[in-house]
Amino acid sequence: MKYTASEIKNISSATDNARATVTDFCTEAIDEARERLKLVNSIANLTSILDARQLAIAADARAGIRHIHAAILDVHAYHDKPTASMSGRFDEALKEIGEMKEKVEKLYRWLDSLYSHD
């Protein structure tokens, strides 16, 4: 990603392009999470046959979405103070990535149950 969570946490609204930087960060996080969800969806929709390799790919994609969600949550918590000028800037990204996280968790549980069913 172009910006780290640490960089975004330390950004000041006094910075010339702070809002654009935060928008870029959120857009990039959403796009990355969306790509990972598409990957798990493609496995679930038989783009490839489920095997140990595909399950590992799905697990990696799920972990990536969890990581992105945790980073956005951390940045959101840092900036979501009544006096913070960036308050509310991360709400939409947090909501959208949270929804993707729920979807990928359900899909992965389903794939895992298919793979491990005896």
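Located above this text is the structure these notes cover.
This structure is a prediction, so every number in the text was calculated from the model and none was measured.

Draft legend 1. Structural context of a negative patch on the surface. Residues D80, D91, E92, E99 and E102 make up a contiguous surface patch of negative charge. Tracing the sequence through the fold places E102 in helix α4 (residues 91-116).

Draft legend 2. The nonpolar core, seen in detail. With 30 residues, the main nonpolar core has V22, F25, V40, I72, F90, I97 and L111 as its most contacted residues. Contributing elements (two or more residues each) for this core: α2 (18-44), α3 (52-79) and α4. Among the elements that take part in this core, α2 stands out by supplying 11 residues, more than any other.

Draft legend 3. Examining the packing of aromatic side chains more closely. This model, assessed by the stated rule, comprises zero aromatic pairs. Positioned above the aromatic ring of Y108 is the side chain of R62, whose terminal nitrogen or guanidinium carbon lies 3.8 Å from the ring centre.

Draft legend 4. A look at the side chain of R62. With respect to the element layout, R62 can be found in helix α3. Once residues within four sequence positions are removed from consideration, R62 is found in contact with V104, E105 and Y108.

Draft legend 5. Examining α3 more closely. Given a rise of 1.5 Å per residue, 28 residues ought to cover 40 Å, and the 41 Å separating the end C-alpha atoms of α3 matches this to within 8%. With a side-chain oxygen lying 3.2 Å from the backbone nitrogen of R53, the N-terminal cap of α3 falls on D51.

Draft legend 6. Examining unusual backbone geometry more closely. Phi at L46 takes a positive value of approximately 70°, unusual for a residue other than glycine. Take L46: it is sitting in the loop between α2 and α3. A relative accessible area of 62% places L46 in the exposed class.

Draft legend 7. Structural detail: the environment of D112. Considering the arrangement of structural elements, one finds D112 in helix α4. Of the residues examined, D112 reaches a relative accessible area of 30% and is grouped as partly exposed. Counting along the chain gives 57 residues from D112 to L55, while the straight-line C-alpha distance between them is 7.0 Å.

About the criteria used
- Residues numbered from 1 in each chain as written.
- Predicted model: local features only at pLDDT ≥ 70, side-chain atom pairs only at ≥ 80, totals over all residues.
- Heavy atoms only, no water.
- Patch = residues over 30% accessible without salt bridge, like charges linked within 9 Å, V, L, I, M, F, W, Y side chains within 5 Å.
- Areas by Shrake-Rupley, 256 points an atom, 1.4 Å probe, with all protein chains shown as cover.
- Salt bridge = Lys/Arg side-chain N within 4 Å of Asp/Glu carboxyl O.
- Lys, Arg positive; Asp, Glu negative; His and termini not counted.
- Charge placed at Lys NZ, Arg CZ, Asp CG, Glu CD.
- Helix = DSSP H or I, 4+ residues; strand = E, 2+ residues; numbered from the N terminus.
- Core = buried A, V, L, I, M, F, W, Y, C linked by side-chain atoms within 4.5 Å.
- Buried < 20%, exposed > 50% of the residue type's maximum accessible area, 1.4 Å probe, protein only.
- Phe/Tyr/Trp six-rings, centres within 6.5 Å; stacked < 30°, edge-to-face > 60°.
- Lys NZ or Arg CZ within 6 Å of the ring centre and 35° of its normal.
- Contact = heavy atoms within 4.5 Å.
- Expected span 1.5 Å × (residues − 1).
- Polar contact = N/O pair within 3.5 Å; in protein donor to acceptor, adjacent residues only side chain to side chain.

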